[in-house]
Structure formats: structure tokens, C-alpha cells
Amino acid sequence: MNMGGEFIPSIDEGDFAVETRVLSGSSISQTIEASLRAGKILKEKFPEVKQVIGKIGSGEIPTDPMPVEACDLMVILKDKSEWTSASTRDELAEKMSEALEVIPGVTFGFQQPIQMRFNELMTGAKQDVVIKVYGEDLDMLTQYATKIGKLSSTVEGAQDLYVEKVTGQQQIVIKFDRDKIAQFGLNIEDINQVIRTGFAGESAGLVYEGEKRFDLVVRLEKENRQSIEDINSLFITAPNGNQVPVSQLAEVEFKISPNQIQRDDAKRRITVGFNVRGRDVESVVKEMQAKVDKDIKFSAGYYPTYGGTFKNLIEARQRLSIAVPVALLLIFMLLFFTFKSFKHSLLIFTAIPLSAIGGIFALWLRGMPFSISAGVGFIALFGVAVLNGIVLIAEFNSLKKDGMTNLKDIILKGTSTRLRPVIMTALVASLGFLPMALSHGSGAEVQKPLATVVIGGLISATLLTLLVLPVLYLFFEKMGKPKLTPSTTIIAILLLLLPCINYAQSVNTGITVQQAIAQALKNNATIKAGNYEIDYSKALKRTATDIGKTNVSLTLGQFNSINTDNNISINQSIPFPTVFTSQAKLGAATIKSSELKLKVTQNELINQVKSVYYYLQYLQAENKLLISQDSIYGSFAKASDLRLKTGESNLLEKTTAETQLMEVRNLLAQNQSNSLIYQSQLQALMNSKSPVQITEATISKLDLSTPMDSTSFNKNPMLAYLNQQIEISNKQKKVETAKVLPDFTVGYFNQSLIGYQNINGGDQYFDASKRFSGFQVGVAIPLWFVPLTAKVKAASMNQKVVQSNYEQYQSTMQGEYNQTIQAFLQHKNTINYYEKNALPNADLIIKQADKGFKSGNIDYVEYLQALKSALSIKSNYLQSLNQYNQSIITLEFLLGKN
């Protein structure tokens, strides 16, 4: 499909490959129409476009997974000097994408032709980043894919979003009315034959052309095969000769059905893909993973994987994690074999970290992320960087052999002699990589990081080697010549491998249940809040002796004569003394209540941690069992396939074996999802910032040493807390009762009475300096008792409420305790049965069934039944052991033994 009207030129890597997909209800005609319109828009709006070539459908023998309704547009671009719309490929791709948004219902993705095909062959998708969501229900997969698509639009650098459409295809569904069909004396086969003949065609004979034979197919004209009405108007001939329309025999309607169902490893999946422009792939994927983990909660059996170019990056990085240490070790070994000196080899080896500094700085200076090509550049850099050290150390040793003994003279003469070779060594390599570092054409994204690392590393290595290496040589030579023994060699190798050992230890460490409980009690925010509440209650107890504020007043005025007098008064109201003692006892009871509440929180937290921890143990044990089942059924499937090829069995045996294998693998996927869920719960309970791994890989059997009697649960923290609430209500009533008693008031006044006063029958003048004072003592008695007595009555009612809560919780806990005891005894008996009888028999059944099937004494049905019976026993044992442990954890929680 040539849209340019010219001959088709060769496709260059710098051109564009544009994938065109119609979103729903797609067909080849719709895709062709959208592709022609897109090619026309690109030719008209962008003078850079030389030609647009379309490729749709797949060949008779397809070599790629491209569906027939998708189209690849190869956009052939002119020379870059003739571009006017944009200056870079990314900018041109963005502008083309915006221009094609006017075409509704179609997605477009821009990539390089070769890159797109390689991505599709290696990862099954053409985009740079592909998120695959696995699960069973297509509707749920579509919901998850839509949510992920919305999240990806918020990630910087994610372009050309593509969400795979697995639903939305309309199909004509015919639902037969069997009662009506029986009424007319017809059957399903007759109706199907008429419909199939009318729409799909039926062979009515043969047509011969020489020796060739062709079926003569009869069907309705095209205009009679376009709608539901054409099906309803078909007539079926009844046995009595009557013509019955299909509309009377069946209900014909359009229904939305799956458009396509994609699978990987026999598991359904949906794909969300996008290209990355203006940013490195790894940072985009990490941001996307963080947003998906935060905003999307997957149901059991549903999980995402990340692939595309990112998957290639991870695999390449894993290979580099092996290649780089091996390269470094080989370099050191070659240096040791050359100089036969551990000291000199180590001196030259210092050029490697010195060169790495320059490589990292050069990447940062040019704004480039660490990529695989940069990693390869570091390997090349390490090999070239040691050349400078070899040149210097060899010269130093040569001068020393010639008779020079002064180390400073050796260093000064050696560096001056070898300055030019050292600089030339670095300069030649740097200039050789310079065109790659400055390239902008095809493959520049691979060449530039590699060359940048080598050039930057050689510059720093050369400068630092000329400065640092002579200083280190002087220091090492003054230390004397160490004796090289096997022990020193082993220590050196261990020092080189120490980062790898530390990494392995950091990955494999896990925590025990006691460590998990200790960390949870230390970090959990609820426990911290309980401690704060105790401090709050202690601080509040100090208010028990509160007597209120002291009233100080000043009165100015003419209350004795025309002169202005003043009066200073101080008054204090003091409650009845029993109020202070009652409030102090209430404060002490409140503190004890806060302490008991903290114990309740600790008991609940420990119960949750232990429950989740031992359930994780159960999931790990179940995972081991499922892996062994996968191995057994995998061998069974291979044997069935071989027996089918040799003619010893039928297709039913092979299908049964494969179905059972897929069922086990689906259970494995669900087990892994459940493990992730419970690991997240344990991490949240421990308030840990990093993922948590448990130490015990096998499920442990707990032991209950507590005597089982009806009064054992009286030490339950919650019961003690509710009992303390009764004590608080009693203290509260005493406080309210004490407040009914009278309050005392005491006061003091000091005032002036300016003027003549009659003293002993005579008038005497008093000025402002002569003052009069006195004391006041009083009793405050409540005249209106109703509010105070109401408070006492309310406190009494609160006593009854708290007492009822205590009794109800005690009764509830008694019932829960009895139920848990019965469940514990039941699971204990079940476990004893499995351990003494069922498990040994299960192993024997598997062993004998395997022998019998291989020898041909039993068929696959008997073999499969024996396997299911034995594996069911093992699975039921694990479930019973988990239920047994959970019942002990519940009993310890009820008894307050945590």
C-alpha cells in the first residue's frame, strides 16, 4: 500500500514506523481507511515526509505476531537539513502525534522500524515499556488496564499510550427456543444447517478444471447477509412442509463479546504499552511501579509484570553484575602475572576507581542516565585505564633495576620520562571515541553514553594517575616488600568480592516472629499513642488540687465622703477538702486505665503480627507443595504427550494432564499474590519502610502450655480494662458527691476613708495614708440542688452502663473461648491423624502410583485419581496445621498470654 505515488525506497533506521490500530470493533477496511487518512495528513502537514508506506495484515506464513487489523506506516523522511517543522526526532514525533489526534477511535505509536520489530520479537510488544496484567476475568483485566493507562498519562516521558482492547467486539448471538422448535417438529441441526448455508456457504458440488477440483459453494447474496433482519427472515422447512421463519424459533441479537484473548504461559493477560521520549526508561518504570502499587489494589489471582525495553535493561544489568566483577578479577590476575607482585598490581588497580570517577562525572555533566551501553563503556574504560599505571610502574621498576635507590628521584625521573606516553595513551583513545560522543545520527543513543564514559574516565584517570599513583608508590615502597602467601591472596580476593557478599546477605536476611513482634511494639504508631495517653493521664492527675483562680479587685470612688477613696480586696474560693482526695483517686484510676488500655493495644497488635506471620509460613509451605505438584504434573504432561505421539494413548489423556498442570500453575500464581498481600500487612503492622521477609521457610507447629479451664481468661487485658472502667465510674461518683458539699471562701480587704471620723466623742481627720483592713470568711451553700444531684445520679447510671459492658464482654469472651477450645481440640486430633496415618500413606500412594503408571499396570485415570488423593491429603494437612496454629494464637490472645 504505497501512499506516496513513487517507487518504494529502502527504509533507514532514522525513519519512523507508526503502528495504527482501530480501538474497538476493528476490521481491515476500517484500519485501511484510518491509515490512508493518516498518511495523507502526514504528507500535507509535514514537508519533512518524503513518502508514507503502509503494511497491513500478515503473510500466508506469518513470521511475527502482528494481527491482521493492525497497520504499520513506514514514514520515510527527507535529509535532516531539509527539516523545517522540528529539529529533533522526538519533537517531530510529538508534532506528528498531535496532528493525527483528529482521527477518532485510532491509536498511533511512533518508533524506529528496526527497533519496533526487535521489541516485538523479544517481548511480544512494540512499545518501549509494556505492562502486562494477568488474570482470568476479561472485564476485570480491562478495568485494571484502563486504570494503569490513566496513571501512565501522568508520568513524564510516557508517550504513545496503547491499551490493548480485549472486549468490545459485537457478535450476532442466536438463542434457540427449544420449546418452539419441538412444537414445529424441528431440531437444532436443521436450523444450524440453514443459517450456515445462507451466511457461510455450503458445498453443493464440485467444479473441475483439468485435474483440479473446487467446491461449488452456495450462499446468499451479499446484500442479504448484512443485518439481523436477514437472519430472522430465513425460513426453515418443517416436516409438514410449512415454512417457519427463524424469528419464531430463536432470539437473534447483537452482544458485546471478547475481541481477542491473549495468553502467556496459558494465563490470560492484557497489555498496556507506551514509548519513552525525553527520559530514561528505568526512571519512568520505577515511577510507574510506585503509582501502580499505591493507587491500584489487585484482587487475588491478578498481578502486573513490567517488560519491553525495561525487561531487556534488567536482564542486561543482571548479566553486567556478573561480567563486571569477572572483568575486574581478570584484570587483577593479568596484572599480578605480569608484575609478579601483589603490591604493584594493587597500585595499578587503583586506576580503576579513579577512572570511574571521571566516567560518572561525564555522564552527569551531559545529563545522561546509566544505561547498558554506559556499563559496557565502563568495562572498556577499566581495561584502557590500567595502561597508564602499567607504563608508570614499569618505568619505576626499570629505574630501580638500573641502580637508582632514591624513591623521589625515581618518581621524578620516571614521570618526566613517561609523561608523553601516558598522555598519548589517553589522548589516542579519547580522540578515537570523540566522534561517537558527538554523534547525532542513527544509533547515537547507544554510542554517546559509551564514548562519554570512556573519554571522561580517561581524563580523570590520566590526571589522577600522574598525581596519585606516584604518591601511593612512594608510600607502598617505604612499607617494604610484603610476603605473598596464600592467606594474603585469599584476603585480597575476599576484599574484591566483599560487595557481592554484603549484597547477598542483605537480600537473604529475614526476621523471626519474636523480632517481628519487637519491631512492631517499637515502631507501631498506635503503641506510641498509648504511651502518650499515659503521660497525658499523669499530667492531668496534677490538677486534682486545683482551687481555682484568686480574685483581686480594686475599688475607687466616693463611698464615704466627697473625697475619692480606694479599696483593695483579695478573695479565694476553696472546695470542700474531700473534693481534692476524690479527684486525686480518680486521677490515679485514670492512669491505671491508660496503662491497661496500652496492654490491650499491645495484646491486639501481637495477635495480629503472629496471625499474619504464621499465615505467611503456611503460604510458603503451600508454595513448596504446589511447586512439587507442578513438577509431578509437568512430568505427567510430558509423558502423556510422548504417549500420544507414539500412539499409546489418546488426546483426552494429554488434555487432562495439561489442564491439571495449568490448574496447579494458576494456584501458584494465586499463592504468590496472597504472599505479597500478607507481606504488605506484616510490613504495615511493623511500620517498616522496606519489604519484610520471614526467616522460617517451613510452617511451625505451636504448643499450648496454658491450662484450659473456665477462669483462665480472667487475665485478659480487655477484661481488666473494662473492670478498671468500673473503678473509674465509682471514683467519678465520689467526686460528684463531694462537689455537693459546701465551698469555703476567705478574703482580705484594705481601704482608705479620707475625712473626719468620730473617735471617742471627738472628730479626727484621716488622710489616704491611714488605712483600714479586715478579713472575710464565708461558706458557699448551693441553694439549687437539682443540677448537682443530677450529676450524681448520672454518675450512678454510668456505673450501671460500665458494669453491663463488663458483664456482656465477659459473657462474649466466655463463648469465644469455649468455641476456640473446641476448634483447637478438633484441629489437634486432625493433625495427629495426618501425621500418624495419612501423610505416610500419601507418600506411599504417590510412589506406587508413579511406578504403576510407568510400568503400565494402571491407566492415566487411576494414576490421576491417586495423585489427586495423595496431594489432597498433603494440602489438607497444611490447612489443618495452619488452623491449629491460628486457634492457639487466638487462645493466647484471649488468655492475655502475649
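Quick note: structure is the one above.
First, a word on scope: everything that follows refers to the structure included in this document. If you're wondering where the values come from, they're calculated on a predicted model, not measured in any experiment.

Rules used in this analysis
Residues numbered from 1 in each chain as written. Predicted model: local features only at pLDDT ≥ 70, side-chain atom pairs only at ≥ 80, totals over all residues. Heavy atoms only, no water. Helix = DSSP H or I, 4+ residues; strand = E, 2+ residues; numbered from the N terminus. Buried < 20%, exposed > 50% of the residue type's maximum accessible area, 1.4 Å probe, protein only. Contact = heavy atoms within 4.5 Å. Areas by Shrake-Rupley, 256 points an atom, 1.4 Å probe, with all protein chains shown as cover. Salt bridge = Lys/Arg side-chain N within 4 Å of Asp/Glu carboxyl O. Phe/Tyr/Trp six-rings, centres within 6.5 Å; stacked < 30°, edge-to-face > 60°. 1 Å grid on protein atoms, 1.4 Å probe; cavity = no way out; pocket = protein on both sides within 12 Å on 5 of 7 lines; lining within 4 Å. Points joined across faces, edges and corners; volume = space filled by probe spheres on them. Nonpolar A, V, L, I, M, F, W, Y, C, P; charged D, E, K, R; others polar. Axes fitted to C-alpha atoms, helices over the stretch in contact; angles between N-to-C directions. Parallel < 35°, antiparallel > 145°, perpendicular 65-115°, else oblique. Left-handed = near helix turned anticlockwise from the far one by under 90°. Core = buried A, V, L, I, M, F, W, Y, C linked by side-chain atoms within 4.5 Å. Pairing = 2+ DSSP bridges. Patch = residues over 30% accessible without salt bridge, like charges linked within 9 Å, V, L, I, M, F, W, Y side chains within 5 Å. Expected span 1.5 Å × (residues − 1). Polar contact = N/O pair within 3.5 Å; in protein donor to acceptor, adjacent residues only side chain to side chain. Lys, Arg positive; Asp, Glu negative; His and termini not counted. Charge placed at Lys NZ, Arg CZ, Asp CG, Glu CD.

### Topic: the overall build of the protein chain
- The helix and strand inventory of the protein chain stands at 22 helices and 21 strands.
- The buried share among the 898 residues of the protein chain stands at 40%.
- A separation threshold of at least 6 residues defines the contact pool for the protein chain, and within that pool the share at least 24 residues apart is 76%.
- As presented, the protein chain carries roughly 50,000 Å² of accessible surface, and 57% of it is formed by carbon and sulfur atoms.

### Concerning the pattern of salt bridges
- Under the defined criterion, the tally for this structure stands at nine salt bridges.
- A salt bridge links Glu892 to Lys610; the nearest nitrogen and oxygen atoms lie 2.4 Å apart. Of this pair, Glu892 sits in helix 22 (residues 860-895) while Lys610 sits in helix 18 (residues 577-645), placing them 282 residues apart in sequence. In this pair, the class of Glu892 matches that of Lys610, namely buried.

### Quick look at the environment of Phe235
- Tracing the sequence through the fold places Phe235 in strand 10 (residues 235-237).
- Residues Phe235 and Ser247 lie 12 residues apart in sequence; the distance between their C-alpha atoms is 9.0 Å.
- Beyond its immediate sequence surroundings of up to four residues, Phe235 is in contact with Val194, Gln243, Val244 and Pro245.

### Some words on the packing of aromatic side chains
- Counted under the stated rule, the structure contains 17 aromatic pairs.
- Note on Phe636 and Tyr863: the rings are 5.2 Å apart at their centroids and 70° apart in plane angle, and the pair reads as edge-to-face. Residue Phe636 is found in helix 18, and its partner Tyr863 is found in helix 22; the two are separated by 227 residues along the sequence.
- Of the residues examined, Phe636 reaches a relative accessible area of 1% and is grouped as buried.
- For Tyr863, a relative accessible area of 4% puts it in the buried group.
- Arranged with centres 5.2 Å apart and planes meeting at 55°, the rings of Tyr748 and Phe775 form a pair that is tilted. Of this pair, Tyr748 sits in strand 18 (residues 743-752) while Phe775 sits in strand 21 (residues 771-780), and the two are 27 residues apart along the sequence.
- Under the relative-accessibility criterion, Tyr748 is labelled partly exposed at 29%.
- Each member of the aromatic cluster is reached from another via a ring pair, and the members are Tyr144, Phe298 and Tyr302.

### Structural notes on the layout of surface pockets
- In this structure, the second largest pocket spans a volume of roughly 880 Å³.
- What lines the second largest pocket is a set of 22 residues, among which Asp293, Ser673, Leu676, Ile677 and Ser680 lie closest to the centre.
- For the lining of the second largest pocket, the secondary-structure elements that each account for two or more residues are helix 8 (281-295), strand 15 (303-308) and helix 19 (651-686).
- The dominant element in the lining of the second largest pocket, judged by the number of residues it contributes, is helix 19, at eight residues.
- Residue classes in the lining of the second largest pocket are distributed as 13 nonpolar, seven polar and two charged.

### Some remarks on the environment of Ala525
- Mapped onto the elements, Ala525 comes out in helix 17 (residues 525-541).
- Here Ala525 falls in the exposed class, since its relative accessible area comes to 52%.

### Concerning the packing of helix 19 against helix 22
- Closest axis-to-axis distance for the helix 19/helix 22 pair is 11 Å, and the angle between their directions is 15°. Comparing the axis directions of helix 19 and helix 22 gives the class roughly parallel. Considering only the axes of helix 19 and helix 22, their crossing is left-handed. Facing Leu652, Glu653, Thr656 and Gln660 of helix 19, the residues of helix 22 in contact are Tyr860, Leu864 and Lys868.

### Brief notes about the nonpolar core
- If you look at the biggest cluster of nonpolar residues, it comprises 68 residues, and the most contacted ones within it are Val609, Tyr633, Phe636, Leu682, Met686 and Tyr877.
- Residue assignment for this core shows that the elements contributing at least two residues are helix 16 (513-523), helix 17, helix 18, helix 19, helix 20 (717-740), helix 21 (786-855) and helix 22.
- When residues in this core are grouped by element, the largest group, 18 residues, is from helix 22.
- Judged by nonpolar contacts, the second largest core, of 34 residues, contains Phe339, Ile410, Ala429 and Leu458.

### A closer look at the sheet that holds strand 17 (residues 565-574)
- Read from one edge to the other, the open sheet built from four strands follows the order 16-17-18-21, with strand pairing classed as antiparallel. The open sheet has two edge strands with one neighbour each: strand 16 (551-557) and strand 21. Each neighbouring strand pair of the sheet contributes to a mean axis angle of 15°, computed without reference to strand direction.
- Taken together, the seven bridges between strand 16 and strand 17 define a ladder with antiparallel strand orientation. Of the residues in strand 17, the one forming a bridge with Asn551 is Asn571.

### Some details on a nonpolar patch on the surface
- Together, Leu419, Ile423, Met424, Leu427, Val428, Leu431, Leu434 and Leu438 make up a nonpolar patch on the protein surface, roughly 700 Å² of accessible area in all.
- Among the secondary structure elements, Leu438 is positioned in the loop between helix 13 (407-437) and helix 14 (444-479).
- For Leu438, a relative accessible area of 54% gives the class exposed.

### Looking at helix 20
- Counted at 1.5 Å a residue, the expected span for helix 20 with its 24 residues is 34 Å, and the 35 Å between its end C-alpha atoms agrees.
- Of all the residues in helix 20, the buried ones are Pro717, Leu719, Tyr721, Leu722, Gln724, Ile726, Ile728, Ser729, Lys731, Val735, Glu736 and Ala738.
- Of the surrounding elements, those touching the buried residues of helix 20 are helix 18 and helix 21.
- Backbone nitrogen of Met718 and a side-chain oxygen of the N-cap are separated by 2.8 Å at the start of helix 20; the cap is Asn716.

### Describing helix 19
- The first and last C-alpha atoms of helix 19 sit 53 Å apart over 36 residues, in line with the 52 Å expected at 1.5 Å per residue.
- Backbone geometry just after helix 19 places Asn687 at a positive phi near 55°.

### Quick notes on a negative patch on the surface
- Side chains of Asp90, Glu94, Glu98 and Glu101 sit close together on the surface and give a patch of like negative charge.
- Mapped onto the elements of the fold, Glu94 is located in helix 2 (residues 89-99).
- A residue is classified by how much of its surface remains accessible, and Glu94, at 34% relative accessible area, is partly exposed.

### Structural notes on the pairing of strand 18
- In terms of strand pairing, strand 17 meets strand 18 through eight bridges, oriented antiparallel. Bridge pairing links Gln572 to Val746 in strand 18.
- Where strand 18 lies against strand 21, 10 bridges are found, and the strand directions are antiparallel. Directly across from Gly747, in strand 21, lies its bridge partner Gln776.

### Concerning the pairing of strand 14 (residues 267-276)
- Burial analysis of strand 14 places eight of its 10 residues in the buried class, which makes it a mostly covered element.
- Of the strand pairs in this sheet, strand 5 (residues 129-134) and strand 14 are connected by six bridges, and their pairing is antiparallel. Each bridged residue has a counterpart across the sheet, and for Val129 the counterpart in strand 14 is Phe274.
- Pairing analysis gives four bridges linking strand 6 (residues 158-163) to strand 14, with the strands arranged antiparallel. Within strand 14, the position partnered with Tyr162 by the bridge is Gly273.

### Describing the side chain of Asp230
- Inspection of the secondary structure puts Asp230 in helix 7 (residues 228-232).
- We note that Asp230 is buried and unpaired, the nearest opposite charge coming from Arg225 at a distance of 8.2 Å.
- Here Asp230 is in contact with Phe199, Glu223, Asn224 and Arg225, once residues within four sequence places are set aside.

### Remarks on unusual backbone geometry
- Backbone geometry at Asn687 places phi at a positive 55°, although glycine is not the residue there.
- Here Asn687 lies in the loop between helix 19 and helix 20.
- Overall, Asn687 belongs to the partly exposed group, its relative accessible area being 44%.

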